[in-house]
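# Examination of the molecular architecture
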Amino acid sequence: MNLLILEVSMTNKLLAIFAAILVFVITSPCFADENRPPIKVGVVSILTGDLSVIGDNVVPTVKTYEKNYLRHNIKFSYEDAKLSSVDGLKAYQRLINAEKVDLIIGACTSNGTMAATALINSSKTPTITIVTGGQNIDKAGPYIFRVGNSDTLNGYQEAEVFIKAGQKNIALLAEQTEYTQDIAKAFREKFKELGGNLVFDKDFVPGTSDFRTEVSLIKKSNPAGIFMPTQTGTALGIFLKQWHEQGGTREMPIHTTFVAAPNPDAHAVAGELLEGVYYMAPVYDKENSRLGTFVKQYFELAGHNPQIMFHTAGTVDVLDLLQAYLDQHSSFSREGFKDYLLTKVKNYSGMMGNYSFDAEGNADLGFSLTTISKEDLQSF
């Protein structure tokens, strides 16, 4: 009799435990999320042509995250923004008008995103860029956010580097794109404020392949250094070849933008001449406890390490923030997510470091001085 009572008691306890587990699973975010409509996330990047290294890095980053960390019903769509404003706008139009995405991760040129600002804001589609951006992106509207590093700080810090090195006579040769003009503007203002003198100051159009006149004029101006912000780095490779063909020395300090470092096209054009060129490397949290694990998972999926590590870090941060929002809300609201980023993301500790979004939706992260090397082709 006692044995029968004991068995019944044990059975009831097991049923109670099973019921508790079932209730927990059903009410947990992961399980409940299956009943929600999918959250559609668009990814705008450069998937073909010059600088496709960005897309080659961002797409596997998203897929690695999707495979290992996704706990909500999120679907991804990818569009090729290429380099031009026209192609960038088309990519955003397809995602917003045709795919009806809820959120966009921007990993394309600044001019591509700037061309779509009216559409992004009028459709109230939160767009978070994980690439660098300047005052154009900073002030692009209430639905455009930036996790990527500040191009304004890039220009300011570049000016401080030259002045600290005692190089007060500098030649500036900048490409005519949103990205590079923003950096050049910030550099020009800060450099002059600090007592610097631009002995040469000229722009060039994208696609330029003959810099021999500029090389001659720069040599005549006798600068202590050269700053050449380029959109992809390929133009820098061409300039370096022609600089040395016309007797330019390796001793001349030449600075550029970070894009040249991981771009195989720039390395193919300039070869060893690219090595040792200075640039401001976007900062991210290299000591982040999750980053090493994520890189291993990325390698398992892609067969190589991330080529642009801060783009990978920024993409993971965006997806972490999205999932944190979904943990707390039964449905996704575009306006609600926008307000969440502005009011709840304070001193956030992510792979990009510790940051908050300012009133205009920007995380103002800076840069550190480094030089281009062959290793940049394997992992940046």
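Just so you know, the residues in each chain are numbered from 1, in the order the chain's sequence is written. With the structure being a predicted model, the display of local features is reserved for residues of pLDDT at least 70 and the display and counting of side-chain atom pairs for 80 or more, all residues being used for whole-chain, interface and lining totals. As a rule here, side-chain values come from all non-hydrogen atoms in the structure, and water together with hydrogens is ignored.

A separate point is the environment of V269. Among the secondary structure elements, V269 is positioned in helix α12 (residues 264–270). In this structure, the C-alpha to C-alpha distance between V269 and A235, residues 34 residues apart in sequence, is 9.0 Å. In what follows, a contact means two residues having at least one pair of non-hydrogen atoms within 4.5 Å. Leaving out residues up to four positions away in the same chain, V269 has contacts with T234, G237, I238 and K241. Only DSSP runs of H or I covering at least 4 residues are called helices, and only runs of E covering at least 2 are called strands; the numbering of each starts at the N terminus.

Any helix carries an expected span of 1.5 Å times its number of residues minus one. Under the 1.5 Å per step criterion, the end-to-end length of helix α4 (residues 85–98) is 19 Å for 14 residues, consistent within 8% with the ideal 20 Å. Accessible area is worked out with a 1.4 Å probe on protein chains only. A residue is then buried under 20% of its type maximum, exposed over 50%, and partly exposed in between. Among the residues of α4, G88, A91, Y92, L95 and I96 are the ones counted as buried. All buried residues of α4 fall inside an arc of 115 degrees around its axis, so they share one side. Among the exposed residues of α4, those pointing more than 90 degrees away from its buried face are V86 and A98. For α4, the elements touching its buried residues are β1 (39–45), β2 (74–80), β3 (103–107), α5 (110–115), α6 (117–122) and β4 (127–129). Trailing α4 by a residue or two, K100 shows a phi angle of about 55 degrees, which is positive. Working note: the arc is built from the helix axis to C-beta atom directions.

What follows concerns the packing of aromatic side chains. Each Phe, Tyr or Trp ring, with Trp reduced to its six-membered ring, pairs with another whose centre is within 6.5 Å; inter-plane angles below 30 degrees give stacked pairs, above 60 give edge-to-face pairs, and intermediate values give tilted ones. The tally for this structure, following the rule as stated, stands at 18 aromatic pairs. Between F187 and F191 the ring centres are 5.1 Å apart and the planes differ by 15 degrees, which places this aromatic pair in the stacked class. Placement of both F187 and F191 in helix α9 (residues 178–193) is noted, with a separation of four residues, approximately one turn of the helix. Summarising the burial analysis for this pair, F187 and F191 share the class buried. Taking the centre distance of 5.7 Å and the plane angle of 65 degrees together, the rings of Y348 and Y355 count as edge-to-face. An aromatic cluster of three or more residues is present, and its members are F145, Y348, Y355 and F357. The criterion is that NZ of a Lys, or CZ of an Arg, lies within 6 Å of the ring centre and within 35 degrees of the ring normal, and then a charge sits over that ring. Above the plane of the ring of Y156 lies K190, whose end atom (NZ or CZ) is 5.6 Å from the centre. If you follow R290 out to its NZ or CZ, it ends over the ring of Y69, 5.1 Å from the centre.

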